[in-house]
Amino acid sequence: MPANERRFAGLHRLFLNGRPGAAGPGGRPRGPGPGGDDDPCGLGPPLSAAWLPPGADFPAGENDAAEARGWRAILNGIARMAAIVYGSGRYRVLVDAAFDATGYDGKPRRRNGRLIVVSTEPVRRPMPGFSFYDAVDAMVGQVIHEAAHGREGREEEPFADDEILSLLHHLVEDVLNDQIVALEYPGFEGYLLKYRRYFIDWKLRGDWGFRAEGRLRQLVLAMRSTYPVRVTRRSVRRAHLYLLWILARHRTAEELRRVDRVRTAEELYAILYDSRFAEHTSELDVLSESLILGPDGPPVRGEKGNRRGGRNNASPVTRAALRRLNPPAFAWSDRALEAFSARRTKAGKTRSLGRWSGEFRHRAHPSGRRSAVSPEGYRRMCRLAEEVRSRRVAGEGVRYEAAWLREAPHAQAEARYRSAVEAVRGPILRLRNRLAWVNAGAGPDRIALTAGELDEEALYRAKYAADLFRRREDGRFRVPPLDLVLLADASLSMKEPLPGGDLPKYIVAQRLAALFVEALEPLAPIRAWVFSYSSAENRVELRELYAPGRHAGKTRIGDLYPAGQTPEYGALAAVSRFIREAGRPGVPKVYIVVSDGRPDDDILPRDAHIAAIRRLASRLRAEGDAVVHVALSPQRFGSPVYPVSLRFPEEGHAGLIRRFGLLVEALAAARAFRR
Amino acid sequence: METPKGQGKPGRGGSQLVQRGESSGLPGFYIPSGTLKVIEDFLFSGFHVMLSGHSGCGKTTFGQVWAASRGMAVHKVNCGAIRSPRDWFGRHEFREGTGTVFVSTRFLEMLERPGLIILDEINRTAPENHNPILNLLDDNREVYVEELGRHVRVHPGALFIATRNAGRHHTGTFRLDHALEDRFQEVRLELPPEDVIARLLAEKYAVSADQAEIVARVTVKLDRMYEEDLLSQTMGMRPAFAAAALLGRGHSLETALRYAFAARYSGEGGPESERTLVLQTIQGLVK
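Residues numbered from 1 in each chain as written. Chains lettered and ligands numbered in written order. Predicted model: local features only at pLDDT ≥ 70, side-chain atom pairs only at ≥ 80, totals over all residues. Heavy atoms only, no water.

Undergrad: Honestly, the overall build of chain A in this entry has me stumped. Any pointers?
TA: Check the secondary structure of chain A and you find 23 helices and nine strands. Across the 675 residues in chain A, those meeting the buried criterion constitute 56%. For chain A, the accessible area works out to roughly 29,500 Å², and carbon and sulfur atoms hold 50% of it. (Helix = DSSP H or I, 4+ residues; strand = E, 2+ residues; numbered from the N terminus. Buried < 20%, exposed > 50% of the residue type's maximum accessible area, 1.4 Å probe, protein only. Areas by Shrake-Rupley, 256 points an atom, 1.4 Å probe, with all protein chains shown as cover.)

Have a look at this one:
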């Protein structure tokens, strides 16, 4: 095999999540993959079997002295692997407390050496299919990985005050160090993969992975996981390919050592967060994973149809190539990067962006980064981008093609809907009662209020009320007729958890829809619709989840599931046109838009999109209708898109449900509703 | 008779013979040109040179190759065989018809001729045996030989190179007298670089370039680990030759490396033994 192909095959194996069946470590074919009998882990035969005593197994008890000696010897054998990579006397390996009983002391050769702490978790809690040797392999991989960090890492810790950049820098270091080790010690590659199989695929994905910021999480998993990772964002895919391209371009360990890791982390940051308009552009479809990874490298073809990594006639993925594809975005990001670097150099450190894992999770790009260019520059950039994009679409006109879908409910839709109803049963009952009292003009008298809240209804019902108040002439019902429409965002970002918890946002949207439908169902004057919206390419897909009348199938709410982008303007425009036809004439309409962020799709630039929504909302308001936005995430920057918005409460899920109930009550009772 | 490729044995233990003179310009031997120049300058300035370095790094071979390249006569004295001080100069033999006669050594003859004398493994004979040559190696450059009844003067063109293996692992050695040690300028020879070792192996044995490269990489890595005090034994060229010989005879890479390298180290201690460490290192370097 020519050197180029060998190198690319190695790269493919290490960083393109080589699937089971592709060549494994040591050129051995991998086994049948997870679940298979011969090789449940899909990473080839265990490597530590070459030097561990035959028949070694997990310890039966911890008090046996002979067993402790045996373990101590094994731990010393594992720890000394660091010396092969790192050299003697520069480190001290410690294991976690669970193995204190073995008497292992790490054999410190130098007290002030680097401390490498090794987790014995793979042995104590092996993942399914892990043999004793596999667990030892994972520990050895951890030792080698940390030793490589010790040897290749720098003393200073850049980006200490910026978690995203710090994590990106750490990712770059991980990737480069693993590649260096794989080049210098190709036989250790299997240990590294086994380590990643346990700590990334088994542990990180479950414990940590879903709490990270979305793009970052995808990038980390794409680079570090040994299982295939579905990358849904183009910015992540570009960052992934850019990192792979750096690895492919630097062929030797020395070249890899010369890679500026800080700069690379900043570039990744720019690709992930600063190239705002490049995120959803159809031109970048060519940036698929089938792009070639180097200027002169051969295509890499994995087995079983895994062709990621190579195509003959593609060009290398560089920032220059990306810049050609979308000049405005990259002109902006380049300037931002330069300004940011200059500021870092001047200030000596980056600005603190605070914690990002919660409230910053959904920003298009971190707000602190926005000030990397001057406000004037930023506005000019926005104008430029909008002009460029608008000119492109102007010839065809901004036209959304709406597709109305009323699909048969999925077999499990009812169960999912019931689950959503159960989750908000208390608020539903409370809201039903309140609306019933409002509707009937009756209800329990609450005289002794302790909270200081004025119970207006009780005052009206008091014996002396007639002397004090003039009753409103509201006819038979107090609840006025109203057409209410709930429009739920079903874009991919709704898969992410609601801030402050682990519950996915689309589940929360299901619960809001359930509360909306169940609470309003008994009120005859009110007609309610529920739609979800997403996009497929340039088409807005509107799914009818609930509608009054003969199509009133509530269970379809259980089918709300995220996919695509957020064509909010197109959806709102299409629904308002529909309701104008389907709704009752002369009855005011209220559109409640439940979404998790700012609108975004492939048709309009974001700023143009927001402006279009504002124009539409103003028009609807002028017609006597109203648009209310319910945010599923905090808004961190920019002015609100909608004139009336229910901001994301600090209490999280519970507060959201409570405030949404109050909103529905206010709308239905026409109490807080101001047209 | 030429030894068939792949079945040859390393004629001179740890020699670093290569086909062409490398950076040193010395035909058939690799030595950095700077080191060679220092050795030559020492020798031509009247100093004696003590070559040290790991076993199998080519100390003895260097003297022979260098002398041959200069067209000089060369004589190697096996110092380990010197049992008494008089053994340097000759021995008494009984010959029929003549009776007991003194037969002088070739060393004695070489002293009075221009040429290179290699005092091989000079620290393998007891220190008292060095006394007769102390005067030869200092500025007097002469010694009185009783049996000959005259002073033997060292020819101005006679050069001395000594070799020694020093260290606690060389159990058959003695500590040199400081007076003797002081008469030599020590130069340390190192293992050749990986690519030179690989080329040497590929040329000498029927091994592929990839295999030779791996054996060379293992050799250099284990040598570095000895320097870092991770291993107790030095690493010269001999294990590399042994591994290449096994490979040339059709053994697998794993078998060749295991028997040529790992088997040299103690397996005491199981997973924390030196042998395990060597096996782990080999595992890391072999793809």
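Undergrad: Would you mind going over the overall build of chain B with me for this structure?
TA: What chain B contains, in helices and strands, is 10 helices and nine strands. By residue count, 49% of the 287 residues in chain B fall in the buried class. Here the analysis covers contacts within chain B between residues at least 6 apart in sequence; of these, 69% occur between residues at least 24 apart. Summing over all exposed atoms, chain B offers an accessible surface of approximately 13,400 Å²; the carbon and sulfur share of this is 47%. (Contact = heavy atoms within 4.5 Å.)

Undergrad: Looking at this structure, how should I read the pairing of strand β5 (residues 526–536) of chain A?
TA: Successive residues of a regular strand alternate their side chains across the two faces of the sheet. Residues and elements named next belong to chain A. Most of β5 sits inside the fold, with nine of its 11 residues counted as buried. Here eight bridges tie strand β4 (residues 482–489) to β5, and the two strands are oriented parallel to one another. Each bridged residue has a counterpart across the sheet, and for L482 the counterpart in β5 is I526. In this view, the connection linking β4 to its parallel neighbour β5 by way of helix α20 (residues 505–520) has right-handed handedness. (Pairing = 2+ DSSP bridges. Right-handed = clockwise from strand over helix to strand, strands pointing away.)

Undergrad: Teacher, can you tell me more about the packing of aromatic side chains here?
TA: Within a pair of aromatic rings, the relevant descriptors are the distance that separates the centres and the angle that separates the planes. Residue and element names in this part refer to chain B. One pass over the structure, following the stated rule, counts 12 aromatic pairs over all chains. Plain terms: the ring middles of F44 and W66 are 5.8 Å apart, the flat faces sit at 40° to each other, and that makes the pair tilted. In this pair, F44 is assigned in helix α1 (residues 33–44) and W66 in helix α2 (residues 59–70), connecting sequence segments 22 residues apart. Judged by relative accessible area, F44 falls into the partly exposed class, the value being 48%. Look at Y205 and F241: their rings are 6.3 Å apart centre to centre, the planes differ by 50°, and that puts the pair in the tilted class. Pair noted here: Y205 is in the loop between α6 (194–204) and α7 (209–227) and F241 is in helix α8 (residues 238–248), with a separation of 36 residues, a long-range link. (Phe/Tyr/Trp six-rings, centres within 6.5 Å; stacked < 30°, edge-to-face > 60°.)

Undergrad: What's the story with the pattern of salt bridges in this structure? I'm lost.
TA: This structure, assessed with the given rule, holds 39 salt bridges over all chains. Overlapping salt bridges bring together A:R151, A:E152, A:E184, A:E254 and A:R257 as one network. (Salt bridge = Lys/Arg side-chain N within 4 Å of Asp/Glu carboxyl O.)

Undergrad: Would you take a moment to explain the pairing of strand β7 (residues 589–595) of chain A for this structure?
TA: All names here are of chain A. Counted residue by residue, β7 has seven buried out of seven residues, so it is predominantly covered. Burial along β7 is two-sided: the face carrying K589, Y591, V593 and S595 and the face carrying V590, I592 and V594 are both buried. With six bridges connecting them, β4 and β7 associate as parallel partners. Bridging across to β7, D483 finds its partner in K589. Sheet topology note: the β7/strand β8 (residues 626–631) ladder contains six bridges and is parallel.

Undergrad: Looking at this structure, how should I read unusual backbone geometry?
TA: What is expected of a backbone is that most residues other than glycine have negative phi and most peptide bonds are trans. All names here are of chain B. Although it is not a glycine, E121 adopts a positive phi angle of roughly 50°. Relative to the assigned elements, E121 resides in the loop between β5 (115–120) and α4 (131–137). Judged by its relative accessible area of 18%, E121 is buried. For R141, which is not glycine, the phi torsion reads 50° and is therefore positive. Tracing the sequence through the fold places R141 in the loop between α4 and β6 (142–145).

Undergrad: What exactly am I supposed to notice about α6(B) here?
TA: Owing to its 3.6 residues per turn, the α-helix aligns residues three or four sequence positions apart on the same side. For α6(B), the set of buried residues is B:V196, B:I197, B:A198, B:L200 and B:L201. In this structure, the buried side of α6(B) is in contact with α7 and α8 of chain B.

Undergrad: Hey, could you run me through α20(A) in this one?
TA: Counted at 1.5 Å a residue, the expected span for α20(A) with its 16 residues is 22 Å, and the 22 Å between its end C-alpha atoms agrees. With respect to burial, α20(A) is a largely interior element, 15 of its 16 residues being buried. (Expected span 1.5 Å × (residues − 1).)

Undergrad: Explain the sheet that holds strand β6 (residues 539–546) of chain A to me, please; I cannot follow it from the model alone.
TA: Through backbone hydrogen bonds, the strands of a sheet pair up, either in parallel or in antiparallel fashion. All names here are of chain A. Spatially, β3-β6-β5-β4-β7-β8-β9 is the arrangement adopted by the seven strands of the open sheet, whose pairing is mixed. In this open sheet, the two strands that pair with only one neighbour each are β3 (401–405) and β9 (644–646). Sheet twist, expressed as the average angle between the axes of neighbouring strands with direction ignored, equals 25°. For β5 and β6, the ladder comprises seven bridges, and the chain directions are antiparallel. Across the sheet, A536 pairs through a bridge with R539, a residue of β6. Along the sheet face, α20 touches β4, β5, β6, β7 and β8 and points at about 160° away from the line of β5. Across the sheet, helix α23 (residues 653–669) touches β4, β5, β7, β8 and β9, and the angle it forms with β8 is around 170°. (Axes fitted to C-alpha atoms, helices over the stretch in contact; angles between N-to-C directions.)

Undergrad: Is there a simple way to explain the interface of chain B and chain A in this structure?
TA: Interfaces are often described in size by the accessible area the parts lose on coming together. In this complex, chain B contributes 22 residues to the contact, which on the side of chain A involves 26 residues. Counting the surface lost from both chain B and chain A, the interface buries some 2,000 Å², and carbon and sulfur atoms represent 54% of this. At the junction of chain B with chain A, the criterion picks out zero salt bridges. In this assembly, chain B and chain A are joined by nine residue pairs in polar contact (both at pLDDT 80 or more). Secondary-structure elements contributing two or more residues to the side of chain B that touches chain A are α7 and α10 (274–285) of chain B. Here the side of chain B that touches chain A gets nine residues from one element, more than from any other, and that element is α10(B). (Buried area = accessible area lost by both parts, 1.4 Å probe. Polar contact = N/O pair within 3.5 Å; in protein donor to acceptor, adjacent residues only side chain to side chain.)

Undergrad: What is the right way to look at the sheet that holds strand β9 (residues 184–188) of chain B in this model?
TA: Residues and elements named next belong to chain B. Taking strand neighbours across the sheet as the criterion, the five strands line up as β2-β5-β8-β1-β9 in an open arrangement whose pairing is parallel. Edge strands, defined here as strands with exactly one partner in the open sheet, are β2 (74–78) and β9. Neighbouring strand axes in the sheet, compared pairwise and without regard to direction, differ in orientation by 25° on average. Bridge analysis of β5 against strand β8 (residues 158–163) gives five bridges, and the strand direction is parallel. Looking at β8, one finds that G115 is bridged to A158.

Undergrad: For this particular structure, what's the right way to read the packing of helix α5 (residues 132–152) of chain A against helix α6 (residues 163–184) of chain A?
TA: The angle between the axes and the distance between the axes are what describe a pair of packed helices. Residue and element names in this part refer to chain A. Direction vectors running N to C along α5 and α6 enclose 100°, while the axes themselves pass 9 Å from each other. Between α5 and α6, the angle is such that the two are roughly perpendicular. Taking contact as the criterion, the partners of I144, H145, A148, H149, R151 and E152 in α5 are, on α6, H170, E173, D174, N177, D178, I180, V181 and E184. Residues of the contact of α5 with α6, tallied by class, amount to four nonpolar, four polar and six charged. (Parallel < 35°, antiparallel > 145°, perpendicular 65-115°, else oblique. Nonpolar A, V, L, I, M, F, W, Y, C, P; charged D, E, K, R; others polar.)

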